[in-house]
Amino acid sequence: MKRFILAFIVMITMTTLSSAQEYETAAGLRGGLYNGVTIKHFLGGKSAVEGIITTRWQGFNITGLYELHKWRAFDVDRLNWYYGIGGHLGIWDDTYATWVTAGNSVVIGVDLILGIEYTFDEIPVNIGVDWKPAFNFIGADGFRGDGGAFSARYVF
């Protein structure tokens, strides 16, 4: 009986914690100057991790982000502001990027993200718009502020 009560309490606690977000995992497409795929998974409560793979300049970027979904936006249910931090690793063909010397570049850097997303109640879809500036420490050094995008994800 004690195990049943303990299991019941754990189940209620997990349900309460997981209800802070509208979904657990969602994956889809990301469109902007960097196009690619995105997958977001909530760790519990209001924290999530997001993985993004994008292409640009005949290369690709892999980005990992830790995000906090803290506030309801404009007092609309299922519409949330979020922000986060992470890092990226990429390989570009700089022949197509006019701001650096031509050739291949490996880039490593830090990313920030600020966004807003809405999860539909009627269908398993999540949409969002964000700005994801990045700072490269290795290869094509410097600030890149053109990482904004629109994302559409299927909610699992």
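Our structure is the block above this text.
Parameters and conventions
- Residues numbered from 1 in each chain as written.
- Predicted model: local features only at pLDDT ≥ 70, side-chain atom pairs only at ≥ 80, totals over all residues.
- Heavy atoms only, no water.
- Salt bridge = Lys/Arg side-chain N within 4 Å of Asp/Glu carboxyl O.
- Helix = DSSP H or I, 4+ residues; strand = E, 2+ residues; numbered from the N terminus.
- Buried < 20%, exposed > 50% of the residue type's maximum accessible area, 1.4 Å probe, protein only.
- Phe/Tyr/Trp six-rings, centres within 6.5 Å; stacked < 30°, edge-to-face > 60°.
- Lys NZ or Arg CZ within 6 Å of the ring centre and 35° of its normal.
- Pairing = 2+ DSSP bridges.

Draft legend 1. Fine view of the pattern of salt bridges. Per the stated rule, a full pass over the model turns up nine salt bridges. Here Asp 130 and Arg 30 are joined by a salt bridge, their closest N and O atoms 2.7 Å apart. Remark: Arg 30 occurs in strand S1 (residues 25-32) and Asp 130 occurs in strand S7 (residues 125-131); sequence separation between them is 100 residues. Between Arg 78 and Asp 121 there is a salt bridge, with its nearest N and O atoms 4.0 Å apart. With Arg 78 in the loop between strand S4 (59-72) and strand S5 (79-93) and Asp 121 in the loop between strand S6 (104-119) and S7, this residue pair connects regions lying 43 residues apart in the sequence. For Arg 78, a relative accessible area of 16% translates into the label buried. Since its relative accessible area comes to 56%, Asp 121 is described here as exposed. It is possible to trace a salt-bridge network through shared partners that takes in Lys 40, Glu 50, Glu 67, Glu 117 and Arg 153.

Draft legend 2. Representation of the packing of aromatic side chains within the structure. By the definition in use, this model includes six aromatic pairs. Taken together, a centroid distance of 5.1 Å and an interplanar angle of 85° make the contact between Tyr 23 and Phe 42 edge-to-face. In this pair, Tyr 23 sits in the loop between helix H1 (2-18) and S1 while Phe 42 sits in strand S2 (residues 35-44), placing the two residues 19 residues apart along the sequence. By the burial criterion, Tyr 23 is buried, and Phe 42 matches it. With 5.0 Å between their ring centres and 90° between their planes, Tyr 118 and Phe 120 make a pair best called edge-to-face. Relative accessible area serves as the criterion here: at 24%, Tyr 118 is assigned to the partly exposed category. Residue Phe 120 is classed as partly exposed on the basis of its relative accessible area, which comes to 26%. When the ring centre of Tyr 82 is taken as reference, the NZ or CZ atom of Lys 40 above it lies at 3.9 Å.

Draft legend 3. Structural view of the pairing of S2. Direction of pairing for S1 relative to S2: antiparallel, over a ladder of six bridges. Along S2, the bridge assignment pairs Leu 29 with Val 37.

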